[in-house]
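# Working through the structure, step by step
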Amino acid sequence: MIRIGQGFDVHKFQEGRPLIIGGIAIPHDRGLVGHSDADVLLHTITDAALGAIGEGDIGRHFPDTDAAFKDADSAVLLEKIWEVVTERGYELGNIDCTIIAERPKMAPHITAIKERVAELLRADVSQVNVKATTTEKLGFTGREEGIAAMATILLQKK
């Protein structure tokens, strides 16, 4: 049996915050705004995993109205959801992710991000694809107001 889920997330930039994407600190003049560490990619992956098992979205499990999740490490949140996925008897088939940002350039960080995502999903790095694109200076990402990410995940019964 296989299950497919998709995720999408957006966060706007803010000065004075670190930029964390895919569990990796990326040098940039601004970070992303969020109740947690605002890791747009890990939030997207978490939503995709939740979608695949039919369990809603990240906000349902870790609401931004709950002080317990203030400045939370998104990797820890993903690990908690991945526990649920594995308890239900699933493992990663593969995941395909896209980071949408004009800046910073993601190419120098893709390998480290893929390795971190594979580690969090207890999978081989060959099961994880991460790519980046711009919007050719169009829209909020093109104006460098924020970053978006999307992912599609395939889970399979162990």
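Residues numbered from 1 in each chain as written. Predicted model: local features only at pLDDT ≥ 70, side-chain atom pairs only at ≥ 80, totals over all residues. Heavy atoms only, no water.

### Points about the pattern of salt bridges
- Inspection of the entire model under this criterion finds 8 salt bridges.
- Residue R60 is joined to E55 by a salt bridge in which the shortest nitrogen-to-oxygen separation is 3.1 Å.
- Exposure remark for R60: the relative accessible area of 53% places this residue in the exposed category.
- Its relative accessible area of 17% is what places E55 among the buried residues.
- For R143, the salt bridge identified is with E145, shortest N-O distance 2.7 Å.
- What makes E145 partly exposed here is its relative accessible area of 38%. (Salt bridge = Lys/Arg side-chain N within 4 Å of Asp/Glu carboxyl O. Buried < 20%, exposed > 50% of the residue type's maximum accessible area, 1.4 Å probe, protein only.)

### Describing a nonpolar patch on the surface
- A cluster of nonpolar side chains, contributed by F8, V10, F140 and M150, occupies part of the molecular surface with about 330 Å² of accessible area.
- Structurally, the position occupied by F140 is in helix α5 (residues 139-142).
- Exposure remark for F140: the relative accessible area of 31% places this residue in the partly exposed category. (Patch = residues over 30% accessible without salt bridge, like charges linked within 9 Å, V, L, I, M, F, W, Y side chains within 5 Å. Areas by Shrake-Rupley, 256 points an atom, 1.4 Å probe, with all protein chains shown as cover. Helix = DSSP H or I, 4+ residues; strand = E, 2+ residues; numbered from the N terminus.)

### Re the packing of helix α1 (residues 40-52) against helix α3 (residues 74-87)
- Running from N to C, α1 and α3 cross one another at 15 degrees; their axes reach a closest spacing of 9 Å. The angle between the axes of α1 and α3 places the two elements in the roughly parallel class. As α1 packs across α3, the resulting crossing turns out to be left-handed. Here α1 contributes L42, H43, I45, T46, A49 and L50 to the contact with α3, which in turn contributes S74, A75, L78, I81, W82 and V85. (Axes fitted to C-alpha atoms, helices over the stretch in contact; angles between N-to-C directions. Parallel < 35°, antiparallel > 145°, perpendicular 65-115°, else oblique. Left-handed = near helix turned anticlockwise from the far one by under 90°. Contact = heavy atoms within 4.5 Å.)

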